[in-house]
Structures are given as structure tokens and as C-alpha cells.
Amino acid sequence: WAVLALLPAGATWLGVLSTQNALVQLVAEGPLRGRVKSIDALLFLGTYAAGGATAGWAANRLGVSRVVGAGGALVLVAAIVAWAVRLPDLAGRDA
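Residues numbered from 1 in each chain as written. Predicted model: local features only at pLDDT ≥ 70, side-chain atom pairs only at ≥ 80, totals over all residues. Heavy atoms only, no water.

Undergrad: How would you explain the layout of surface pockets if you had to name every residue and give the values?
TA: Empty space within the largest pocket amounts to approximately 250 Å³. If you trace the largest pocket, you find it lined by Ala55, Ala58, Leu62, Val67, Ala70, Gly71, Leu74, Val75, Ala78 and Ala79. Sorting the residues of the lining of the largest pocket by element identifies α2 (33–62) and α3 (64–84) as the ones contributing at least two each. Per-element accounting of the lining of the largest pocket gives the leading share, seven residues, to α3. Grouping the amino acids of the lining of the largest pocket by side-chain chemistry returns nine nonpolar, one polar and no charged. (1 Å grid on protein atoms, 1.4 Å probe; cavity = no way out; pocket = protein on both sides within 12 Å on 5 of 7 lines; lining within 4 Å. Points joined across faces, edges and corners; volume = space filled by probe spheres on them. Helix = DSSP H or I, 4+ residues; strand = E, 2+ residues; numbered from the N terminus. Nonpolar A, V, L, I, M, F, W, Y, C, P; charged D, E, K, R; others polar.)

Set out below in C-alpha cells:
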């Protein structure tokens, strides 16, 4: 049954990546768009390595269950913050 959960999880992740990419490009000014996107990619991909190393270290010290629970709690906090922060009105912007 876990394999069945991978399909909607993967589709959701593709939606997140597409939305994040579009928002970064829409918010950035035209002449700076490439530079902003490259910094975004560097930070976005760099957090995987740092987060994986940190989670592995913490799981070794505290246990996997605690680290996964803490990660879930952090995701909930991030979702609440993202919901509370309003994006600028992008209607009428050049794409």
C-alpha cells in the first residue's frame, strides 16, 4: 500500500516544484531573473545535502522516530507560516 502513496506524493512534489519555479520567476525583475533563479536553485538544492546530513546526525543521537516527528512538526510550522504570508499580487505582470 505504501507504493500507492508514492504516485500522489510524486505528483504533489512536481506541483510544488513547478509552482515554486513559476513564483520565483514572476517575482524577480526581468534583468535579474536568471541570477535570482540560479541563487534559488543553489539554496534549494543545497538544503537537501545539509538537511540530510543534519537529520542523519540527529537520528543517530536521538533516534529515527523523534527526528521524523520533529521533521513533521517543522513541516506543519512552515505550512502555517507560508499560509500566513501573503504573496504580492502578480496579476498583470510580464511573464
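Undergrad: Residues and numbers for the packing of aromatic side chains, please.
TA: Each aromatic ring pair is summarised here by two numbers: the centre-to-centre distance and the angle between the ring planes. Per the counting criterion, the structure on display carries two aromatic pairs. With 5.9 Å between their ring centres and 80° between their planes, phenylalanine 44 and tyrosine 48 make a pair best called edge-to-face. Taken together, the positions of phenylalanine 44 and tyrosine 48, both in helix α2 and four residues apart, correspond to about one turn of that helix. The partly exposed category is assigned to phenylalanine 44, whose relative accessible area is 26%. Judged by its relative accessible area of 46%, tyrosine 48 is partly exposed. Grouped by ring-pair contacts, the aromatic residues Trp13, Phe44 and Tyr48 constitute a single cluster. (Phe/Tyr/Trp six-rings, centres within 6.5 Å; stacked < 30°, edge-to-face > 60°. Buried < 20%, exposed > 50% of the residue type's maximum accessible area, 1.4 Å probe, protein only.)

The quantities given are spatial measurements derived from coordinates; they are silent on function.
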